[in-house]
Amino acid sequence: MIRNILAASLLLSTSAHAFATDITWWHGMGGKNQEVINQIAEKFNAAQDACSLTPVSKGTYEEALAAGIAAFRSGEQPNILQVFDAGAATIINANGAAIPAEDLITQAGYEFDRESFIEGVRYFYADADGKFVGMPFNSSAPIMYINTAALEKAGVDAPKTWEEFEGIAPALKEAGYIPLVQSQLTWEFTENFFSRNNLQFASNNNGYDSVQGTTLNVTAPEHVMMYEKLKDWYDNGYFGYFGAGWSDNQKPFEEDKVALWIGSSGSFGGLQSSAQMPFSATFLPYWDSIEGAGTNSFIGGAALFAMSGKSDEENKCSADFFQFLTSAEIQYFYHQSTGYVAITKAAYELAKEDGYYDEKPIAEVGIQQLSLPGGEWSKGYRMGFYPQIREVMEREYNRIFAGETTVEDAMKTIEEEGNALLARFAKTAG
């Protein structure tokens, strides 16, 4: 009798999944992050029997975006495509490529509340009116990690502003440490420099209002000042620059050679096992001398886009998955498993209620920074061909620290070449 009941249950379960609507999710993550994506898919598939989600790694962020674009052109696109921050404008401005996430969700009969997402997450993948086009997924903030022993040896406190950093840098150097390193100048000291200091990064509302005629503002005197300071700090041994590679600059911090490292809040998970010393973290500093500075940063990472050209049944399953993914429980699970921030207020509250930040206070820093009051220019940017613009920036920043160009000339070059790329993108976007 028991055997018959088990057989019947197995048959019912198999039949239910046999009639499930299949959807695919292409992404650009590997290692531990890919394992967690697979776990989320398994949880979603186990939670209901109407849909069956299959995640597929397409290599790097860049490779996933290229694969998604090529597949769309041939009519073989996935249901869901992960797109990294710098590539968002490519999908958003490709006419008919994606269904806005907010429309997908409301058309499926769900309510959607933009205010349920934390401040620094809410706008980056939205349109100029605030409608979510992409669904934020793996989100992070640029924060400052602190070698606590280094600061104790130097007898100084962690800086909140860059003015304070200038005041303590000599003591940190005297204590035997490189005072400061960072891991991505483009994201941390350009894009989020404008955000943290509430300065305009590009025309046309930082590119949100239109792709036509959008131009960069990297020659802004405040931004030029930041890099002149960095070069001066570099020449005086207060700032270490080991190249454009992320790990090139993270490694010296892990090896207890550096006092302060500007990295990603999403690096916390790995840093717990790789750092050779105790560490803490605080917000990305800002310039107190800049009026209105101290606003929130915006997110890095990637979002999920629902690709168009799919059946109503498949779109309903994509909406179901977005609802599942943004639930407090799943967001908390993802936050704990990866170190990326919880993107909703409900998930953040759940983590606090569970005592997670009492155990690991560093895990809260990124969310706290993203939750700071916003400003007119702290929402992010929307610019096409931006991965290529980042490459121009990285080339010129390398030349600054190699002594091959001045800061002023580098910024003029970035603006000239970047604006040419923006103009070219505007033609492709119609």
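You'll find the structure just up there.
First, a word on what this report is: a plain description of the structure on this page.

## Concerning the environment of Val 121
Piece 1. Mapped onto the elements, Val 121 comes out in the loop between helix H5 (101–107) and strand S5 (135–140).
Piece 2. Along the sequence, Val 121 and Ala 141 sit 20 residues apart, while their C-alpha atoms lie 9.7 Å from each other.
Piece 3. When near neighbours in sequence (up to four residues on either side) are disregarded, Val 121 contacts Pro 136, Ile 299, Ile 343 and Leu 370.

## Here we look at the layout of surface pockets
Where empty space is left becomes clear once a probe the size of a water molecule has been rolled over the atoms.
Piece 1. Volume-wise, the second largest pocket comes out at about 240 Å³.
Piece 2. Together, 19 residues line the second largest pocket, and Ile 92, Asn 93, Asp 127, Val 133 and Arg 382 are the ones closest to its centre.
Piece 3. The class makeup of the residues in the lining of the second largest pocket is 10 nonpolar, five polar and four charged.

## A word on empty space enclosed by the protein
Piece 1. Applying the stated criterion to the full structure yields three cavities of 30 Å³ or more.
Piece 2. Each pocket or cavity is described by its volume, and for the largest cavity that value is around 50 Å³.
Piece 3. In terms of lining residues, the largest cavity is bounded by Gln 182, Ser 183, Gln 184, Leu 185, Tyr 241, Gly 243, Ala 244, Asn 249 and Glu 394.
Piece 4. Looking at the lining of the largest cavity, its residues break down into three nonpolar, five polar and one charged.

## Examining the nonpolar core
Piece 1. Residues Tyr 145, Trp 162, Tyr 227, Phe 321 and Phe 322 are the most contacted members of the largest nonpolar core, which totals 139 residues.
Piece 2. For this core, the leading source of residues is helix H19 (residues 407–428), giving eight residues.
Piece 3. Apart from residues no more than four positions distant in its own chain, Phe 322 is found in contact with Ile 80, Ala 101, Leu 104, Ile 105, Met 135, Leu 304 and Ala 306.

## Some points on the state of the cysteines
Piece 1. Throughout the structure, instances matching the rule amount to one disulfide.
Piece 2. In this model, Cys 51 is linked to Cys 317 through a disulfide, with the two sulfur atoms separated by 2.0 Å. Because the torsion about its S-S bond is -85°, the bridge between Cys 51 and Cys 317 counts as left-handed. Here Cys 51, found in strand S2 (residues 51–57), pairs with Cys 317, found in helix H13 (residues 312–325); they are 266 residues apart in sequence, far enough to count as distant.

How each quantity is defined
Residues numbered from 1 in each chain as written. Predicted model: local features only at pLDDT ≥ 70, side-chain atom pairs only at ≥ 80, totals over all residues. Heavy atoms only, no water. Helix = DSSP H or I, 4+ residues; strand = E, 2+ residues; numbered from the N terminus. Contact = heavy atoms within 4.5 Å. 1 Å grid on protein atoms, 1.4 Å probe; cavity = no way out; pocket = protein on both sides within 12 Å on 5 of 7 lines; lining within 4 Å. Points joined across faces, edges and corners; volume = space filled by probe spheres on them. Nonpolar A, V, L, I, M, F, W, Y, C, P; charged D, E, K, R; others polar. Core = buried A, V, L, I, M, F, W, Y, C linked by side-chain atoms within 4.5 Å. Buried < 20%, exposed > 50% of the residue type's maximum accessible area, 1.4 Å probe, protein only. Disulfide = S-S within 2.5 Å.

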